[in-house]
6 protein chains.
Amino acid sequence: MSLFGFIEYKDASPEVRAIYDDIMATRKTDWINNFWKSIAHDPATLKRTWESITQIMAPGALDPLTKEMIYVAVSASNGCEYCIASHTASARKQGMTDAQFKELMAVVGMANETNRLVKGYQVEIDDRFKPQTK
Amino acid sequence: MSLFGFIEYKDASPEVRAIYDDIMATRKTDWINNFWKSIAHDPATLKRTWESITQIMAPGALDPLTKEMIYVAVSASNGCEYCIASHTASARKQGMTDAQFKELMAVVGMANETNRLVKGYQVEIDDRFKPQTK
Amino acid sequence: MSLFGFIEYKDASPEVRAIYDDIMATRKTDWINNFWKSIAHDPATLKRTWESITQIMAPGALDPLTKEMIYVAVSASNGCEYCIASHTASARKQGMTDAQFKELMAVVGMANETNRLVKGYQVEIDDRFKPQTK
Amino acid sequence: MSLFGFIEYKDASPEVRAIYDDIMATRKTDWINNFWKSIAHDPATLKRTWESITQIMAPGALDPLTKEMIYVAVSASNGCEYCIASHTASARKQGMTDAQFKELMAVVGMANETNRLVKGYQVEIDDRFKPQTK
Amino acid sequence: MSLFGFIEYKDASPEVRAIYDDIMATRKTDWINNFWKSIAHDPATLKRTWESITQIMAPGALDPLTKEMIYVAVSASNGCEYCIASHTASARKQGMTDAQFKELMAVVGMANETNRLVKGYQVEIDDRFKPQTK
Amino acid sequence: MSLFGFIEYKDASPEVRAIYDDIMATRKTDWINNFWKSIAHDPATLKRTWESITQIMAPGALDPLTKEMIYVAVSASNGCEYCIASHTASARKQGMTDAQFKELMAVVGMANETNRLVKGYQVEIDDRFKPQTK
């Protein structure tokens, strides 16, 4: 279920189908998850989002597992259930162990706690932490 | 500046001073940043927060650099300027390169974008992403 | 389902019923949605909220469709599923096309992304963007 | 400083001045803080906001101090610096002690932490916690 | 349902069982709610979270009911459904009346509204609200 | 000021300079604001973000002014001061009147209020508001 329903592969336009093919090839899977089938109603957003994600989540200075864990961290902090579930699955596919997930959650919880202590106590930024550049 | 002002080392009670000593020893530094000097007005919170952070941020299944980057990810997502500045500094001390920071931010931005697309399009969680356990 | 259950029209006090009548008359419908039937347990909040919404969502410098889309934008950003569903329905009733919804979501996603890039990179406000007034 | 600048008492329209008078009388002070002087550019919002706050923050089932502390809790959680500063001042005026503020912050921090653990671990609501009503 | 499933008492390690016993003794109940049974997969987090909550939610300068209402306020503001349901139940157990809940929600709603007006109008903090301390 | 400082036009690489040229041409201005000069340290993010924004903010089913106001709505809701200031300036450039801004803010405030009432009262989505599609 989603606002406009899901666009299945067989019903997709050639434009959308090309993205679906790329998603499956890149991820080495034979299915498309609901997120893509939902935003496929807006092919421009589907294409832009997929291309951005491909670029951003590719191995680089950070490895794909670390990137997936950061994705989970943000999604948990924002309370996006779908994103938590899907990116936890992706992180596991990238090799995340249960122990790593647990430490990830502990950090996310702690950061959310101290973020509010800092605001509540109205703590000014230390000069040493300020950007030195103009 | 902070709500109750900063408690400097020389003015600290033995209880607070013991935590300050532990912070400096653990971090191999000779100064205490404003966050700790602000919440030191509540020694129970100071002690609990420091002990929790020590436990959570210690090397484990995730290395300290990864943990600091997750801390930055959450803080950027929440918009806590102090926490962004201080944990970016900590991450750099743990070896974060500029290239790593840039990729971190790209992931944080992307996750915040798709978190909202998911909510807006009212996307249901795929069965495959749901926890299998009872 | 909601914390105190729903107060149906037939069970409502004259005070609540008057608001229900006004909601149905204003919206030209013959039913009351769950939000109002839930907060009706607090007639003061029901009355204040309805009167505020009536005032705020009325046509003015902005037309009702634009206002409903802004409501959807905020609700998607906050992750309020009920509000997303109900105000997307209201926006459609005001004439929102599917194409407009898709562009709305694209902007909401993008804004959430750059909001975090700005915080993470610690970008200072340009002088030209600052309020000129004292 | 604020987007349209501040509307001072001497420059205010009779309509705005009447609200200012009511604010000062209700609060037993002789000044108006920047929030009101900023939104006074929109007299309808000024009036509606002031009347809502007056109704909501009045003594009732909860005393004014508890209400101000809840206001601080939400504002700290949302990271609204102005609101934290102004409502912490109001809470103190209502008698909030430093010890109370510290416990308030500890609860706010803790709630923000467990809110994310719950989301990250994808914890389902216990039947006993669900509303029993239809 | 939760990511790793629930650890029931009969299946718990002695370490986890000791915490469960403490939870039931402290709360004078004979059951453990899903949150604890979910994070029990990480005994260090279970222990740290329980001990922190015990310390923070104990009667002090604020009474337990006020603390539970603050917990509900933060959870409602963050949109954590589990936390709203469980802490509303806890608050009721501490004696929260329906009238108190309704006023609590009214304040939470109002604070969320003015938090955004302040940001949108770019309101500067009044000198009188700034911390006086260095 | 920003984490890595600003990359001015004269110091920019040809790659970055090409984006700067496009920004200035598109916006018909002769300057680059701090956001772009900050993320220019990551040319891939600069390029992707600029291209996405160009695509998303272009006139389409929604006009540019409506899009800028939605951007302001999200930014105010998230508390991103830079984004509020810069997109309020952009919206004005697109013709936003003061009256429109005030109504925009009123809607943003109201949506943030009812988003929390809905969550706090645990309101279930009406069947009529649910997506009808599979």
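Residues numbered from 1 in each chain as written. Chains lettered and ligands numbered in written order. Predicted model: local features only at pLDDT ≥ 70, side-chain atom pairs only at ≥ 80, totals over all residues.

When helices and strands are counted, chain A shows 6 helices and 0 strands. Helices (α) and strands (β) of chain A occur, in sequence order from the N terminus, as α-α-α-α-α-α. For chain A, restricting intrachain contacts to residue pairs at least 6 apart in sequence, the fraction spanning at least 24 positions comes to 57%. (Helix = DSSP H or I, 4+ residues; strand = E, 2+ residues; numbered from the N terminus. Contact = placed C-beta atoms within 7 Å.)

Right, let's get into the domain arrangement of chain A. All names here are of chain A. We note that the domain assignment places domain 1 (1-58) and domain 2 (60-134) within chain A. Each of domain 1 and domain 2 has a C-alpha centre, and these two points are 26 Å apart. Of the residues lining the interface, 4 residues belong to domain 1; the matching set on domain 2 comes to 5 residues. When grouped by side-chain class, the residues that make up the side of domain 1 that touches domain 2 number 3 nonpolar, 1 polar and no charged. (Domains from an automatic or database assignment. Nonpolar A, V, L, I, M, F, W, Y, C, P; charged D, E, K, R; others polar.)

We now examine helix α4 (residues 64-78) of chain E. Residues and elements named next belong to chain E. Across its 15 residues, α4 extends 21 Å between first and last C-alpha, which sits within 8% of the 21 Å expected from 1.5 Å per residue. Buried residues dominate α4, accounting for 13 of its 15 residues. Gly79 sits one or two residues past α4 and shows a positive phi near 75 degrees. (Expected span 1.5 Å × (residues − 1). Buried ≥ 20, exposed ≤ 12 C-beta atoms within 10 Å, placed from the backbone.)

Take chain B, turn it by 180 degrees, move it 0.0 Å along the axis, and it overlays chain A with an RMSD of 0.0 Å. Viewed as a symmetry operation, the transformation between the two copies matches a two-fold axis. Of the interface residues in chain B, 100% have counterparts in chain A that sit at the interface too, so the contact is made through matching surfaces. (Least-squares fit on C-alpha atoms with pLDDT ≥ 70 in both.)

This part takes up the relation of the copies chain A and chain C. By a simple turn and slide, chain A fits onto chain C: the slide is 0.0 Å along the axis, the RMSD is 0.0 Å, and the turn is 120 degrees. Those values place the two copies in the arrangement expected of a three-fold rotation axis. Of the C-alpha atoms belonging to chain A, the one lying closest to the rotation axis is found on A:Gly79, 4.3 Å away. An overlap of only 11% is found between the interface residues of chain A and their copies at the interface of chain C, pointing to separate contact surfaces.

Turning next to helix α1 (residues 14-27) of chain F. Residues and elements named next belong to chain F. Along its 14 residues, α1 runs 20 Å from first to last C-alpha, staying within 8% of the 20 Å computed at 1.5 Å per residue. Listed in full, the buried residues belonging to α1 are Val16, Ile19 and Tyr20. On an axial view of α1, the arc spanned by its buried residues comes to 100 degrees, and they lie on one face. Summarising the geometry of α1, the exposed residues directed more than 90 degrees from the buried face are Pro14, Glu15 and Ala25. The inward-facing, buried residues of α1 contact α3 (43-57). (Arc of directions from axis to C-beta.)

The next subject is the packing of helix α1 (residues 14-27) of chain A against helix α3 (residues 43-57) of chain A. Residue and element names in this part refer to chain A. Interhelical geometry of α1 versus α3 gives an angle of 20 degrees and a closest axis separation of 10 Å. With respect to α3, the element α1 is oriented roughly parallel. Here α1 and α3 pass one another in a crossing that is left-handed. Facing α1, whose interface residues are Glu15, Val16, Ile19, Asp22, Ile23 and Thr26, α3 presents Pro43, Leu46, Lys47, Trp50 and Thr54. Its residues placed into classes, the contact of α1 with α3 shows 6 nonpolar, 2 polar and 3 charged. (Axes fitted to C-alpha atoms, helices over the stretch in contact; angles between N-to-C directions. Parallel < 35°, antiparallel > 145°, perpendicular 65-115°, else oblique. Left-handed = near helix turned anticlockwise from the far one by under 90°.)

At the junction of the two partners, chain A supplies 9 residues and chain C supplies 6 residues. By residue class, the composition of the side of chain A that touches chain C is 4 nonpolar, 4 polar and 1 charged.

Take unusual backbone geometry next. Although it is not a glycine, C:Gln122 sits at a positive phi angle of roughly 55 degrees. The residue C:Gln122 is located in the segment after α6 (98-120) in this model. For C:Gln122, a count of 21 C-beta atoms within 10 Å gives the class buried. Non-glycine residue E:Lys28 carries a positive phi angle of around 55 degrees. Inspection of the secondary structure puts E:Lys28 in the loop between α1 (14-27) and α2 (34-39).

For the rest of this paragraph, the subject is the interface of chain B and chain A. On the chain A side, the residues contacting the 56 residues of chain B number 56 residues. Breaking the side of chain B that touches chain A down by element, the ones donating at least two residues are α2 (34-39), α3 (43-57), α4 (64-78), α5 (81-93) and α6 (98-120) of chain B. In terms of residue count, the dominant contributor to the side of chain B that touches chain A is α6(B) (15 residues). For the side of chain B that touches chain A, the residue count by class is 31 nonpolar, 18 polar and 7 charged.

The next point concerns the environment of A:Ser86. Following the sequence through the fold, A:Ser86 ends up in helix α5 (residues 81-93). A C-alpha to C-alpha distance of 22 Å links A:Ser86 and A:Ala44, two positions 42 residues apart in sequence.

Overall, the predicted model of chain A reaches an average pLDDT of 97, with 98% of residues at or above 70. Note on the complex model: pTM 0.98, ipTM 0.97. (pLDDT = per-residue confidence, 0-100.)

Position of F:Met24 relative to the elements: it lies in helix α1. When residues no more than four places from it in sequence are discounted, the contact partners of F:Met24 are F:Thr29, F:Asp30 and F:Ile32.

Residue and element names in this part refer to chain A. The residue Asp42 is located in the loop between α2 (34-39) and α3 in this model. On the basis of neighbour count, Asp42 is assigned to the buried category, with 22 C-beta atoms found within 10 Å. Sequence separation between Asp42 and Gln55 is 13 residues, and the spatial gap between their C-alpha atoms is 20 Å.

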